[in-house]
Amino acid sequence: MIAPLWGYQAEASTHAIRLIMSGVLDRHPKLRIVLGHLGEGFPFWLWRLDNIYRGFYSWSGATLGMVKLKLKPSGYIRQNFSISTSGMCDSRVLRYCLDAVGAERILFAIDYPYEDSGTAVRFLKEAELTKEERDLISHLNAERLFRVPASSPVMETQI
């Protein structure tokens with residue numbers, strides 16, 4: 001259960017939720033974080049994170065020293081996090097993530113050496129995406145987030 005099978009996902013999402021719940025993103029609202037594996041499960045937990053935070057904070061959070069956040073937990077996920085496709089080549093999961101966080105928050109990645117590069121490239125090529133979604137995911141989001149020069153025409157034709 002360690003490493004790429006389950007451990008990376010569980011540990012990365014636990015660290016990310018601790019960052020959110022600590023209030024660090026209120027103190028550093030421009031901080032940007034990339035989570036792999038289509039968000040380490042976060043897109044599927046948005047409603048529950050908000051619901052439990054709201055309920056728990058109103059029940060006893062303040063008395064337990066829980067930080068009062070400026071946003072709902074999902075707000076930080078949509079504001080401060082991007083997610084990558086690394087290691088996740090399931091078109092149904094990609095579509096869910098597109099609906100949950102938007103194409104402007106998803107980056108193409110492969111997850112080498114754990115996953116096959118050819119499989120990941122084929123996945124993105126064959127995914128049911130609009131041209132705008134494919135361009136955002138394949139290169140535009142990375143160019144914006146990492147402030148890298150625009151990709152070459154050769155790169156754009158490959159994906």
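Note that the structure is predicted; figures quoted are calculated from it, not measured. (Residues numbered from 1 in each chain as written. Predicted model: local features only at pLDDT ≥ 70, side-chain atom pairs only at ≥ 80, totals over all residues. Heavy atoms only, no water.)

Colleague: Got a minute to help me understand the environment of Gly7 in this structure?
Modeller: Residue placement: Gly7 occurs in helix 1 (residues 7–22). Between the C-alpha atom of Gly7 and that of Glu143, which follows or precedes it by 136 residues, the distance is 29 Å. (Helix = DSSP H or I, 4+ residues; strand = E, 2+ residues; numbered from the N terminus.)

Colleague: Explanation requested: the layout of surface pockets in the structure shown.
Modeller: Empty space among the atoms becomes apparent when a probe as large as a water molecule is rolled across them. If you add up the space inside the largest pocket, you get close to 250 Å³. When residues of the lining of the largest pocket are traced back to their parent elements, those giving at least two are helix 1 and helix 3 (36–39). Counted by class, the lining of the largest pocket contains nine nonpolar, four polar and three charged residues. (1 Å grid on protein atoms, 1.4 Å probe; cavity = no way out; pocket = protein on both sides within 12 Å on 5 of 7 lines; lining within 4 Å. Points joined across faces, edges and corners; volume = space filled by probe spheres on them. Nonpolar A, V, L, I, M, F, W, Y, C, P; charged D, E, K, R; others polar.)

Colleague: Is there a simple way to explain helix 6 (residues 91–101) in this structure?
Modeller: For helix 6, the set of buried residues is Val93, Leu94, Cys97, Leu98, Ala100 and Val101. Once helix 6 ends, the next one or two residues include Gly102, with phi positive near 90°. (Buried < 20%, exposed > 50% of the residue type's maximum accessible area, 1.4 Å probe, protein only.)

Colleague: Honestly, the sheet that holds strand 3 (residues 106–107) in this entry has me stumped. Any pointers?
Modeller: The strands making up a sheet associate through backbone hydrogen bonding, with each pair oriented either parallel or antiparallel. The strand order across the open sheet built from three strands is 1-2-3, with neighbouring strands paired in parallel fashion. Either end of the sheet is taken by a strand with one partner, and the two such strands are strand 1 (33–35) and strand 3. Bridge count between strand 2 (residues 81–84) and strand 3: two bridges; the pairing is parallel. Paired with Ile83 across the two strands is Ile106, which belongs to strand 3. Strands in contact with helix 5 (residues 73–80) are strand 1 and strand 2; relative to strand 2, the strand with the most contacts, it is inclined by about 70°. (Pairing = 2+ DSSP bridges. Contact = heavy atoms within 4.5 Å. Axes fitted to C-alpha atoms, helices over the stretch in contact; angles between N-to-C directions.)

Note that every value here comes from positions in space, so none of it alone points to a role or purpose.
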